[in-house]
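Residues per chain are reported as follows:
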Amino acid sequence: MRHFLNIVSYVFHPLFVPIGGTIIYFMVTPKYSSLEIQSGNILPIFILTVIIPIIFFLILKNLGIINSIFLPTLKERKYPLYINAIILFMILYKVIPNNYVPELFYFFLGLLMAIGATLILLFLRIKTSIHLLGMGSILMFMIGLSIHFEINITLAISAFTLLTGLVATSRLYLNAHNKIELIIGFFIGVLSQLLILKYWL
C-alpha cells in the first residue's frame, strides 16, 4: 500500500499542475483547436513548469538547500515556491500573451495567487499541502470550463474528485501532512480559482 501511495504522490505532484491544467483545457474545450495555439502554449509551459523546476531542484539539492522533491520542511519550501512564482509570472507575462487564451491566463493567475497565499502562510509558520492546492485548482478550473463552454464533463469531474481524495489519503498515510494542512491547501486551490471565475465565465 505504501508503495502505491508513493506512486500517487509522484504522479500527482504539484509540479505537473500547470501543464496538467493546460492539457485538460485543450482536451475539453472546443474553442481553440488550432495546433499553432496549442503547441504555442503547451510546449513552453511544459519547459517552464516541468523541465526548469527539475533543473533548479537538482541545483538546490546539490547545494544542500533541499533534500526531497516533496519539500517536507517549511525551510525547504521557501526557494522552490519563489522559483515557481517567478515562472508563473513569466508565463502570464510572455507565454500566454503570444498565443492568447483568456481561460488559461486566468487559470495561471489563480495559481499565482495560490502560491502567493502559500508563501504568506509559510512566513506565518503554517505548512500547507501543495499537492491538494494543485488538485483543488484543477478541479475548480474543470468545473469552470464545464459551465463556461456548456459541456458535460461530469464524469471527468467526478473521477478527478475521487483522485483528489486518493492524493489526500496518500499524503496522510505517508505522514507528509495532517488533516488541517490538507484542508488549507485544498481550500486555497479552490478559492484562488473561484475568485477569478467572474473574469472569464
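Residues numbered from 1 in each chain as written. Predicted model: local features only at pLDDT ≥ 70, side-chain atom pairs only at ≥ 80, totals over all residues. Heavy atoms only, no water.

Caption draft 1: How the structure looks around the overall build of the protein chain. The helix and strand tally for the protein chain stands at eight helices and zero strands. In the protein chain, the succession of α and β elements from N to C terminus is α-α-α-α-α-α-α-α. Relative to a compact globule of 201 residues, whose C-alpha radius of gyration would be 17 Å, the protein chain shows 16 Å and is just as compact. When the backbone C-alpha atoms are referred to their principal axes, the protein chain occupies close to 45 × 35 × 30 Å. The burial tally for the protein chain puts 49% of its 201 residues in the buried class. Considering only contacts within the protein chain whose residues lie at least 6 apart along the sequence, 76% involve residues at least 24 apart. Of the roughly 10200 Å² of accessible surface on the protein chain, a fraction of 71% belongs to carbon and sulfur atoms. (Helix = DSSP H or I, 4+ residues; strand = E, 2+ residues; numbered from the N terminus. Rg over C-alpha atoms; globule rule 2.2 N^0.38 Å. Buried < 20%, exposed > 50% of the residue type's maximum accessible area, 1.4 Å probe, protein only. Contact = heavy atoms within 4.5 Å. Areas by Shrake-Rupley, 256 points an atom, 1.4 Å probe, with all protein chains shown as cover.)

Caption draft 2: Representation of the confidence of the model for the protein chain within the structure. The predicted model of the protein chain has a mean per-residue pLDDT of 90, with 98% of residues at 70 or higher. The least confident element of the protein chain, judged by mean pLDDT, is helix α1 (residues 2-11) at 87; the most confident is helix α8 (residues 179-196) at 95. (pLDDT = per-residue confidence, 0-100.)

Caption draft 3: Region of interest: the packing of aromatic side chains. As enumerated under the stated definition, the model contains 10 aromatic pairs in all. With centroids separated by 5.4 Å and ring planes inclined at 75°, the aromatic side chains of Phe-107 and Phe-108 adopt a geometry described as edge-to-face. Between Phe-107 and Phe-141, the aromatic rings sit 4.4 Å apart at their centres with planes inclined by 25°, giving stacked as the arrangement. Remark: Phe-141 occurs in helix α6 (residues 130-149) and Phe-107 occurs in helix α5 (residues 102-123); sequence separation between them is 34 residues. Here the two residues Phe-107 and Phe-141 agree in accessibility, since each one is buried. (Phe/Tyr/Trp six-rings, centres within 6.5 Å; stacked < 30°, edge-to-face > 60°.)

Caption draft 4: Region of interest: the side chain of Ser-137. With respect to the element layout, Ser-137 can be found in helix α6. The exposure class of Ser-137 is buried, given its relative accessible area of 0%. A polar contact of 2.9 Å, which involves the side chain of Ser-137, links it to the backbone oxygen of Leu-133. Not counting residues up to four positions away in its chain, the partners in contact with Ser-137 are Phe-107, Leu-111, Gly-189, Val-190, Ser-192 and Gln-193. (Polar contact = N/O pair within 3.5 Å; in protein donor to acceptor, adjacent residues only side chain to side chain.)

Caption draft 5: Quick peek at the packing of helix α2 (residues 17-28) against helix α3 (residues 35-62). Put simply, α2 and α3 touch, their axes get as near as 9 Å, and they point 165° apart. Considering their axes alone, α2 and α3 lie roughly antiparallel with respect to each other. With respect to the hand of their crossing, α2 and α3 are arranged in left-handed fashion. Counted together, Pro-18, Ile-19, Thr-22 and Phe-26 of α2 and Ile-37, Gln-38, Asn-41, Ile-42, Ile-45, Phe-46, Thr-49 and Val-50 of α3 form the full contact between these two elements. The residue makeup of the contact of α2 with α3, split by class, is eight nonpolar, four polar and no charged. (Axes fitted to C-alpha atoms, helices over the stretch in contact; angles between N-to-C directions. Parallel < 35°, antiparallel > 145°, perpendicular 65-115°, else oblique. Left-handed = near helix turned anticlockwise from the far one by under 90°. Nonpolar A, V, L, I, M, F, W, Y, C, P; charged D, E, K, R; others polar.)

Caption draft 6: Region of interest: the packing of α5 against α6. Two elements in contact, α5 and α6, have axes separated by 11 Å at closest approach and are oriented at 150°. If you check the angle between α5 and α6, you find them roughly antiparallel. You can see that α5 and α6 cross each other, and the crossing is right-handed. Along the contact surface, α5 presents Glu-103, Leu-104, Phe-107, Leu-111, Ala-114 and Thr-118, while α6 presents Leu-133, Ser-137, Ile-138, Phe-141, Leu-145, His-148 and Phe-149. Per-class residue counts for the contact of α5 with α6 are nine nonpolar, three polar and one charged.

Caption draft 7: Quick look at the nonpolar core. Residues Tyr-25, Ile-91, Leu-104, Phe-107 and Phe-108 are the most contacted members of the largest nonpolar core, which totals 53 residues. If you list the elements that add at least two residues to this core, you get α2, α3, α4 (74-98), α5, α6, α7 (154-173) and α8. (Core = buried A, V, L, I, M, F, W, Y, C linked by side-chain atoms within 4.5 Å.)

Caption draft 8: Looking closely at α1. Here α1 has its buried residues at Leu-5, Val-8 and Ser-9. The arc that holds every buried residue of α1, seen down its axis, measures 100°, which confines them to one face. Its buried side turned inward, α1 meets α6 and α7. (Arc of directions from axis to C-beta.)

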